[in-house]
Amino acid sequence: GAMLQTSGFARKLRLLDVTSSTQEAARLLAEEGAAEGTLVIAEEQTGGRGRQGRMWFSPPHKGVWMSLLLRPRRPLAFAPQLTLLTAVAVCRAIRKVSGADAGIKWPNDILIGGKKVCGILIESAGEDEMIKYCIAGIGIDVNLEPEDIPAELRSVATSLKIESGRHIDRAELIAAVMNELEQLYKLHEEEGFAPIRLLWEALSVTLGRRVTVWGGRGDISGVAKSLDESGALVLQDEHGSDVKIFSGDVQLG
Ligand code: BTN
């Protein structure tokens, strides 16, 4: 299987049996001055958190629940790009290791066959408009069986095992995610967002589709056209005008 080929990412590891949320464990390490690339992994989370204040179901041994500490020397406005970059890295790793035809729903859900297999939560701490640190939380439903998925989620959630028909080695998957993530992070430092944007667009299952966005300004519907240079989603509304979406939840169709 794949091996860890990074110089910094995941070279400092904190493995936890049970924790409330790896985001909190990583935040404490960040506040204590832990180095960029420090990775916290838990077998089980009792208070796993999702985007928009949702819960993240994190049963023992069958998933990858992890949080990576990043310290980009960038303005806070860079955080959305980091979100998209992380989605590209995880999507590429999932495709490599499981062979499944995974795609990205804006901004950063990973879907297989229309069902969610991974969620990403990026939390940033700032100081004077600059990022102090970011915590990239990644939750992947790896070896969950259909009966491990709560009944009310079965129509919208799946696992790599269900989709690929085989058991997936979690250590191999984690190494692949870290390899991809460090490579793209360096690419972004050297060449900016443009190459990441192209990679994101190529893996997107959102572009070209009619979508509804549930955001702060109420619902907006339109056809998803592209990402702009900052990472916002560009929709064409029913009047033919472009509308930029900076955050929110997207429903396809
Ligand atoms: C979402 O899709 O809403 C984001 C889900 C993020 C889940 C991961 S699991 C590891 C890390 N710890 C958490 O509590 N959440 C993230």
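Please refer to the structure higher up on the page.
Source: prediction; values computed, not measured.

## Section: the site of the ligand
Line of reasoning, step 1. Taken together, 21 residues surround the ligand, and among them Ser21, Gly50, Gly119, Gly137 and Gly139 come closest.
Line of reasoning, step 2. Looking at the shell around the ligand, the elements with two or more residues in it are helix H1 (22–31), strand E3 (63–70), strand E6 (115–127) and strand E7 (130–141).
Line of reasoning, step 3. Among the residues forming the shell around the ligand, the class breakdown is 6 nonpolar, 11 polar and 4 charged.

## A look at unusual backbone geometry
Line of reasoning, step 1. A cis geometry characterises the amide bond from Trp106 onward to Pro107, with omega recorded as -5 degrees.
Line of reasoning, step 2. As for its placement among the helices and strands, Pro107 is situated in the loop between strand E4 (102–105) and strand E5 (109–112).
Line of reasoning, step 3. Phi angles above zero are rare outside glycine, and His61 is one such case at about 70 degrees.
Line of reasoning, step 4. Here His61 falls in the exposed class, since 10 other C-beta atoms lie within 10 Å of it.
Line of reasoning, step 5. Positioned with a positive phi, Asp128 is a non-glycine residue whose angle comes to about 50 degrees.
Line of reasoning, step 6. Under the C-beta neighbour-count criterion, Asp128 is labelled exposed, with 7 such atoms within 10 Å.

## Let's talk about the sheet that holds strand E2 (residues 39–45)
Line of reasoning, step 1. Spatially, the 7 strands line up as an open sheet ordered E1-E2-E3-E7-E6-E5-E4, and their pairing is mixed. For this open sheet the edge positions go to strand E1 (13–19) and E4, each flanked by a neighbour on one side alone. Going across the sheet, the axis of each strand differs from the next one's by a mean of 20 degrees, ignoring polarity.
Line of reasoning, step 2. As paired elements, E2 and E3 share 4 bridges and run antiparallel to each other. Residue Ile41 lies in a different strand from E3, and its bridge partner there is Met66.
Line of reasoning, step 3. Across the face of the sheet, helix H4 (residues 170–191) comes into contact with E2, E3 and E7 while running at roughly 30 degrees to E3.

Reading the values: rules and limits
- Residues numbered from 1 in each chain as written.
- Predicted model: local features only at pLDDT ≥ 70, side-chain atom pairs only at ≥ 80, totals over all residues.
- Near = placed C-beta within 6 Å.
- Helix = DSSP H or I, 4+ residues; strand = E, 2+ residues; numbered from the N terminus.
- Nonpolar A, V, L, I, M, F, W, Y, C, P; charged D, E, K, R; others polar.
- Buried ≥ 20, exposed ≤ 12 C-beta atoms within 10 Å, placed from the backbone.
- Pairing = 2+ DSSP bridges.
- Axes fitted to C-alpha atoms, helices over the stretch in contact; angles between N-to-C directions.
- Contact = placed C-beta atoms within 7 Å.

These figures come from the coordinates and say nothing about function on their own.
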